[in-house]
Amino acid sequence: MANNIDETDRSILRLLQKDATLSVDALAESVHLSRNACWRRVKRLEETGVLLARVALVDPAKLGVGQLVFILMRAADHSPDWLKAFDRAVQTLPEITGAHRMSGDLDYVLSVQVADVPDYDRFYKRLISMVPVRDISASFVMENIKDSSAVPV
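Quick look at the structure, then. In this text, all values refer to a predicted model and were calculated from it rather than measured experimentally. (Residues numbered from 1 in each chain as written. Predicted model: local features only at pLDDT ≥ 70, side-chain atom pairs only at ≥ 80, totals over all residues. Heavy atoms only, no water.)

## Regarding unusual backbone geometry
Consideration 1: Even without glycine at this site, His 32 takes up a positive phi of about 60°.
Consideration 2: Within the secondary structure, His 32 is located in the loop between helix 2 (24-31) and helix 3 (35-47). (Helix = DSSP H or I, 4+ residues; strand = E, 2+ residues; numbered from the N terminus.)

## Details of helix 4 (residues 80-92)
Consideration 1: Here helix 4 spans 18 Å end to end across 13 residues, near enough to the 18 Å set by a 1.5 Å rise per residue.
Consideration 2: Burial in helix 4 covers these residues: Trp 82, Ala 85, Phe 86, Ala 89 and Val 90. One face of helix 4 carries all of its buried residues, which in axial projection span an arc of 135°. Exposed and facing more than 90 degrees away from the buried side of helix 4 are Pro 80, Asp 81, Lys 84, Arg 88 and Gln 91. (Expected span 1.5 Å × (residues − 1). Buried < 20%, exposed > 50% of the residue type's maximum accessible area, 1.4 Å probe, protein only. Arc of directions from axis to C-beta.)

## Examining the sheet that holds strand 1 (residues 67-75)
Consideration 1: What the 4 strands build is an open sheet, ordered 2-3-1-4; its pairing is antiparallel. The sheet is open, and its two edges are formed by strand 2 (96-101) and strand 4 (133-140), each paired on a single side. Strand-to-strand, the axes of this sheet are offset by a mean angle of 20°, without reference to chain direction.
Consideration 2: Across 7 bridges, strand 1 lies against strand 3 (residues 108-114) in antiparallel orientation. The residue of strand 3 that forms the bridge with Ile 71 is Leu 110.
Consideration 3: Helix 4 contacts strand 1, strand 2 and strand 3 of the sheet and is inclined by roughly 25° relative to strand 3.
Consideration 4: Each of strand 1, strand 2, strand 3 and strand 4 touches helix 5 (residues 117-130); the most contacted strand, strand 4, lies at about 160° to it. (Pairing = 2+ DSSP bridges. Axes fitted to C-alpha atoms, helices over the stretch in contact; angles between N-to-C directions. Contact = heavy atoms within 4.5 Å.)

Here it is, written out as structure tokens:
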């Protein structure tokens, strides 16, 4: 699909990543297309899976979960049963906002949004009750210097 994306598509994607509430008319005007031509491009980007979703970004601090924690994990084992339990935990625990299987010494990195250290402790106890881990380490974010969901296009 990357070969089929031209500069106009990239412009549409950049604009939607900044503000997904843009009307088709505003989007079309910004990329110098007719309303219909612009809409067809947006629909094609959605249908081909390039444009995954149009979502609202929420300020976690204003909802009382402003502490971002990165959890570095080593699995207790790598059996299919463990993987199912881990997947179930990741899907069940709403505090987990990202889960990534890694190469190298670590098995997984999780990003977790909690209110504070006691809230993290409650989360930690729920996590390890759902899935055994060999080693786990948490790093608390002190300052967000850059935190973006935008993909470079």
